Each structure stands twice: as structure tokens, then as C-alpha cells.
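Architecture and fold: a report
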Amino acid sequence: MSSLSEQSAVTVLGLGPMGQALASAFLNAGVRTTVWNRTPGKDGALTARGAISAQSAEEAVAASELVVVCVVNYDASDAILRRDAVTEALQGRTVVNLTADTPDRARDTAAWAAEHGIRYLDGAIMTPTITIGTPNAVFIHSGPEALFQEHRPVLDALGGTHTHLGEDIGRAAAYDIALLDIFWTAMTGYAHALAVARAEGISAQELAPFAKGIGAVLSLSIEQDAKEVDSGRYSGEGNPITSAASSMAHIVHASEAHGIDAGVMRAAEGLARRVIGLGHGTDGFIRIVDILGRR
Ligand code: NDP
């Protein structure tokens with residue numbers, strides 16, 4: 001971790017669960033932390049530990065060279081940052097926007113920031129609030145590398161790993177979208193599996209050790225499939241997509257026999273059958289990436 005100077009200061013805009021976790025980690029690291037939230041009254045625990053409570057967003061922004069924003073989405077961060085008084089106060093300062101949204105929204109905000117003389121970095125947080133300030137936190141960033149390095153010592157106070165992914169300001173949001181895509185589709189599969197298991201008299205806790213094993217298999221597949229997707233050579237050796245489609249059909253039948261919605265699995269099976277229909281039945285399942293999007 002880089003060393004912090006005694007004058008290190010940060011402003012945190014947004015005190016939802018994540019904003020509070022960020023502010024708390026800054027305080028723990030001894031950074032002078034000013035906080036503001038649209039709805040007052042969420043900073044009690046932080047001010048009790050030394051945070052400075054600002055009465056307005058413009059007052060909060062004026063307190064520090066570095067402003068970290070973490071609110072629900074970019075409509076919310078726009079509503080805060082693009083008010084004249086706040087925009088004016090931000091001139092010459094650096095905004096690190098850790099709010100999650102799309103790459104286009106990040107690019108749009110960066111263009112707005114450049115027009116107004118505001119230095120801008122975009123980022124995303126890939127781990128839950130309990131990891132913040134610990135080695136398990138994962139942050140990704142994009143935008144000007146020099147600006148990232150300049151603020152790295154203060155950002156390091158948040159713990160974990162901070163990876164700069166490139167100068168394209170939308171890159172962190174693009175990674176975020178891709179990674180959350182994995183997370184939420186996997187969680188939907190897990191929820192569906194729990195419903196089927198429950199219908200068969202298996203509790204979630206009974207399934208858990210085996211479910212974790214599937215997580216480990218998924219991890220291995222990610223490494224193997226990444227090479228195939230990037231090379232465009234899909235080896236179905238050991239598990240061709242014809243076999244995968246058959247296993248999916250079993251899941252559809254078993255769940256629908258219990259009256260459980262199998263829509264997500266039906267969609268996955270449909271993609272597999274399309275690949276087979278195109279004559280690629282000996283390829284592996286990940287071949288579906290090519291029918292979802294152009295190479
Ligand atoms: P939320 O996503 O619920 O965001 C709540 C914050 O957004 C509050 O500060 C809220 O203010 C503010 N907000 C909402 N609408 C507006 C608005 N129109 N104008 C101003 N402020 C507004 O909670 P989190 O703190 O958990 O998440 C913040 C960000 O962090 C999100 O982008 C989320 O995806 C990301 N994140 C969160 C994780 C988590 O585990 N919680 C994990 C990884 C990323 P108010 O109190 O006034 O409503």
C-alpha cells in the first residue's frame with residue numbers, strides 16, 4: 001500500500017451502504033474525510049468517528065481535491081454533479097466516480113467533465129461492502145493513467161486491489177457490466193436450482209457443498225473457454241454441445257414436472273440447439289458466444 005501524506009483528504013458523495021463503507025475505510029486509514037448525502041441523517045456513525053459533515057454537495061466538493069462519488073446510478077450522480085454550484089466548485093478537482101452504470105454513461109460524464117475543467121476517472125467496485133477496507137476488496141478503474149497514479153495513495157486506503165484497465169474511460173464500466181452479467185445469470189441459475197432441489201426434498205444447505213463444487217468447475221471452464229473464444233477454435237472434446245443440450249433438456253423437463261418456470265434454461269437450450277442446427281454440434285457450449293454477438 002502506498003503511504004498517505006498527512007494532508008490527504010477526500011470527499012465522499014453518496015452515503016448508501018457502499019458510500020458509507022468507502023467513507024469508513026478512508027477514516028480508518030486516517031484520511032480527512034468529508035461526507036454528503038442527498039437525504040440528511042445518514043452520516044451519524046461517520047461523524048462520530050471524525051468525518052466532516054457538509055451541509056451541501058458544493059460545500060463537500062470544496063473541501064477536498066479528490067471527490068469520490070458512489071450513488072445508485074448515473075442519473076443520480078448527474079443530479080448531484082451537474083448542478084451549477086457543484087460544477088463550479090469541482091473545477092480543477094478530481095472526481096472518481098465509483099457509481100455503477102453503462103460504459104456510454106461513463107463516456108458521457110467524462111466529456112461533460114472535460115468541458116467543465118474537471119479531472120475525471122471512472123471506476124467500479126466488484127465486491128460487497130464488507131470487503132471494503134480489507135484485502136478482499138476489488139476495484140477497477142479507467143481513464144487517464146497519470147491521474148489514477150496521482151490519487152492512488154488515497155484510493156489504496158480502500159484496501160484490496162486497484163487495477164487500472166486503460167485510458168478508455170468506459171472500460172471499467174464495460175468490465176463491470178460483463179462481470180455482473182456472469183454474476184446475475186449464475187445467481188438466477190442457482191435460484192432455479194434451489195427451487196428444483198426443494199421440490200425434490202433437498203434443502204439449500206444440503207445442496208451447498210455440491211453447489212460450491214460446481215462453482216469450482218465454472219472457474220476452470222472460464223480459463224479454458226477464454227482461450228477458445230479468443231482463438232475462435234472451439235473444441236467440444238469431452239463435452240460437445242449436443243451433450244450439453246441434452247443435459248439442459250433434462251433440467252427443463254424435471255423443473256416443469258414440478259410446475260417450476262424453466263424459462264432461463266429453455267433460453268440456454270435454445271441457443272445450444274441453434275449452434276447445433278448451424279452444423280457445429282461437435283463444438284463446445286461456449287460456441288454460443290458467436291451467435292450472440294459478431295466476432
Ligand atoms: P444504492 O445503489 O441503493 O445507492 C444509494 C445511494 O444513491 C444513496 O446515497 C442515495 O441517496 C443515492 N441516490 C439515489 N438516487 C439519487 C438521486 N436522484 N440523487 C442523489 N442521490 C441519489 O446503494 P449502495 O450504496 O450500496 O450502492 C452505490 C453504488 O455502489 C451502486 O452503483 C452499486 O451498484 C455499487 N455497488 C454496491 C455494492 C454493494 O454491495 N452495496 C457492491 C458493488 C457495487 P439517498 O440516501 O438520498 O436516497
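The shown structure was predicted, so the numbers you read here are calculated from the model rather than taken from an experiment.

Bringing the UniProt feature "domain: NADPH-dependent reductive aminase-like C-terminal" (unreviewed entry) in the protein chain into the picture now. In this numbering, the UniProt entry assigns the feature "domain: NADPH-dependent reductive aminase-like C-terminal" (unreviewed entry) to residues 168-293. The span residues 168-293 is 74% helix and 0% strand, and its two end C-alpha atoms sit 22 Å from each other.

According to UniProt, the positions carrying the feature "domain: 6-phosphogluconate dehydrogenase NADP-binding" (unreviewed entry) are residues 10-166. The span residues 10-166 carries 39% helix and 22% strand; its end-to-end C-alpha distance comes to 23 Å.

Here we take up helix 8 (residues 171-199). The first and last C-alpha atoms of helix 8 sit 42 Å apart over 29 residues, in line with the 42 Å expected at 1.5 Å per residue. Of all the positions in helix 8, only A172, A173, D176, H192, V196 and A197 are classed as buried. Downstream of helix 8 by a residue or two, G201 has a phi angle that is positive, lying close to 80°.

Most of strand 2 (residues 32-36) is tucked away: 4 of the 5 residues are buried. Once you follow strand 1 (residues 9-13) into helix 1 (residues 17-28) and on to strand 2, the crossover reads as right-handed. Note that strand 2 and strand 3 (residues 52-53) share 2 bridges and pair parallel. The partner of T34 across the bridge, within strand 3, is I52.

What follows deals with helix 9 (residues 204-231). In this model helix 9 runs 38 Å from its N-terminal to its C-terminal C-alpha over 28 residues, within 8% of the 40 Å that 1.5 Å per residue would give. Its maximal kink placed at F210, helix 9 deviates by approximately 30°. Just downstream of helix 9, G232 is the residue with a positive phi angle, here 75°.

With that out of the way, let us pick up the site of the ligand. Around the ligand sit 21 residues in total, of which M18, N37, R38, T39 and K42 are the nearest. With respect to the ligand, the side chain of N37 contributes an N or O atom lying 2.7 Å from an oxygen atom. Here the ligand has 880 Å² of accessible area as a free molecule, and 73% of this is covered by the chains. If you list the elements that add at least two residues to the shell around the ligand, you get helix 1 and helix 4 (74-81). Each residue belonging to the shell around the ligand can be placed in one class, and the counts come to 11 nonpolar, 8 polar and 2 charged.

The rules behind the values
- Residues numbered from 1 in each chain as written.
- Predicted model: local features only at pLDDT ≥ 70, side-chain atom pairs only at ≥ 80, totals over all residues.
- Heavy atoms only, no water.
- UniProt positions renumbered as here; feature names shortened; annotations may be inferred.
- Helix = DSSP H or I, 4+ residues; strand = E, 2+ residues; numbered from the N terminus.
- Expected span 1.5 Å × (residues − 1).
- Buried < 20%, exposed > 50% of the residue type's maximum accessible area, 1.4 Å probe, protein only.
- Right-handed = clockwise from strand over helix to strand, strands pointing away.
- Pairing = 2+ DSSP bridges.
- Bend = angle between axes of the 7 residues up to and from the residue.
- Near = heavy atom within 4 Å.
- Polar contact = N/O pair within 3.5 Å; in protein donor to acceptor, adjacent residues only side chain to side chain.
- Areas by Shrake-Rupley, 256 points an atom, 1.4 Å probe, with all protein chains shown as cover.
- Nonpolar A, V, L, I, M, F, W, Y, C, P; charged D, E, K, R; others polar.

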